[in-house]
Amino acid sequence: MTRRTKRAGQEGFTIVELLVTIVIVSILASAAIPMAGLVAKRNKEAELRRSLREIRLALDSYKKAVDDGRVEVRAGDSGYPSNLELLQKGVTDIKSPTSQKIYFLRRIPRDPLQEDAPGSAAATWGKRSYASSAEEPKEGSDVFDVYSNSDGTGLNGIPYREW
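Another point: the overall build of the chain. Tallying secondary structure elements over the chain gives 2 helices and 4 strands in all. N-terminal to C-terminal, the α/β element order of the chain is α-α-β-β-β-β. Its C-alpha atoms give the chain a radius of gyration of 28 Å, clearly above 15 Å, the size a compact globule of 163 residues would have. In terms of overall dimensions, the chain has a C-alpha envelope of 105 × 40 × 25 Å along the principal axes. Residue burial in the chain is summarised as follows: out of 163 residues, 29% are buried. For the chain, long-range pairs separated by at least 24 residues make up 47% of all intrachain contacts whose partners lie at least 6 apart in sequence.

This part covers the pairing of strand E3 (residues 125-128). A two-sided burial pattern is seen for E3, the buried positions comprising Trp-125 and Lys-127 on one face and Gly-126 and Arg-128 on the other. The pairing of E3 with strand E4 (residues 145-148) spans 4 bridges and is classified as antiparallel. Bridge pairing links Arg-128 to Asp-145 in E4.

Within the secondary structure, Ser-78 sits in the loop between helix H1 (15-67) and helix H2 (85-89). Among the polar contacts made by the side chain of Ser-78, one reaches the main-chain amide nitrogen of Tyr-80 at a distance of 3.3 Å. In this structure Ser-78 touches Lys-63, Tyr-130 and Asp-142, once residues within four positions along its chain are discounted.

Once that is clear, we can look at the environment of Lys-138. In this fold, Lys-138 is placed in the loop between E3 and E4. When the C-alpha atoms of Lys-138 and Pro-109 are compared, they prove to be 21 Å apart, with 29 residues separating the residues in sequence. Sequence-distant contacts of Lys-138, that is, excluding residues within four places in its chain, are made with Lys-127, Arg-128, Ser-129 and Ser-132.

According to the stated counting rule, one finds 5 aromatic pairs in the structure shown. Three or more aromatic residues link up through ring pairs in this structure, and these residues are Tyr-80, Tyr-130 and Phe-144.

According to the stated counting rule, one finds 6 salt bridges in the structure shown. Among the ionic pairs, Asp-93 bridges to Arg-70, the shortest N-O distance being 2.8 Å. Highlighted residues: Asp-93 in the loop between strand E1 (91-92) and strand E2 (101-102) and Arg-70 in the loop between H1 and H2, separated in sequence by 23 residues. Look at Asp-93 and you get buried, because its relative accessible area is 8%. The class for Arg-70 is partly exposed, based on a relative accessible area of 33%.

Next up on the list: a nonpolar patch on the surface. Among the surface-exposed residues, Phe-13, Ile-15, Val-16, Leu-18, Leu-19, Val-20, Ile-22, Ile-24 and Leu-28 lie close enough to one another that they form a single nonpolar patch of about 950 Å² accessible area. With respect to the helices, strands and loops of the structure, Ile-24 is situated in helix H1. For Ile-24, a relative accessible area of 47% gives the class partly exposed.

Each value, and the rule that gives it
Residues numbered from 1 in each chain as written. Predicted model: local features only at pLDDT ≥ 70, side-chain atom pairs only at ≥ 80, totals over all residues. Heavy atoms only, no water. Helix = DSSP H or I, 4+ residues; strand = E, 2+ residues; numbered from the N terminus. Rg over C-alpha atoms; globule rule 2.2 N^0.38 Å. Buried < 20%, exposed > 50% of the residue type's maximum accessible area, 1.4 Å probe, protein only. Contact = heavy atoms within 4.5 Å. Pairing = 2+ DSSP bridges. Polar contact = N/O pair within 3.5 Å; in protein donor to acceptor, adjacent residues only side chain to side chain. Phe/Tyr/Trp six-rings, centres within 6.5 Å; stacked < 30°, edge-to-face > 60°. Salt bridge = Lys/Arg side-chain N within 4 Å of Asp/Glu carboxyl O. Patch = residues over 30% accessible without salt bridge, like charges linked within 9 Å, V, L, I, M, F, W, Y side chains within 5 Å. Areas by Shrake-Rupley, 256 points an atom, 1.4 Å probe, with all protein chains shown as cover.

And the structure:
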């Protein structure tokens, strides 16, 4: 008959068991850290898509209001707003008998890839004028489109400026 000779209070893990546990946890952590970075980048890209969609929809709604004769424009203008702030501040509806304002955005979203950029949310976006080409967007007297000023490339391989 063999007896275990353990004293009371000396039950626990051996050093080998602790080392094996530490190795396993470190392997799992080294696999999880790159995945966390990928998830963060994917979330930023989703936010960029939503913000671009929201601003572009507001720009299209402004243009439709101009085409419907609800927003006053000067002859020769493109019918797009002169700046992004107009979408938030609103414009007078000239068809309304009480001169109500039409608002196209509650707030202008910031470019999620330019979080550290100083200034207003509108200043974080690159703006393309109606008169400029899509290949070489330039600001002008109106805002036809917006794009990210980030120099990065998306997970899909397309530069953020081209989204």
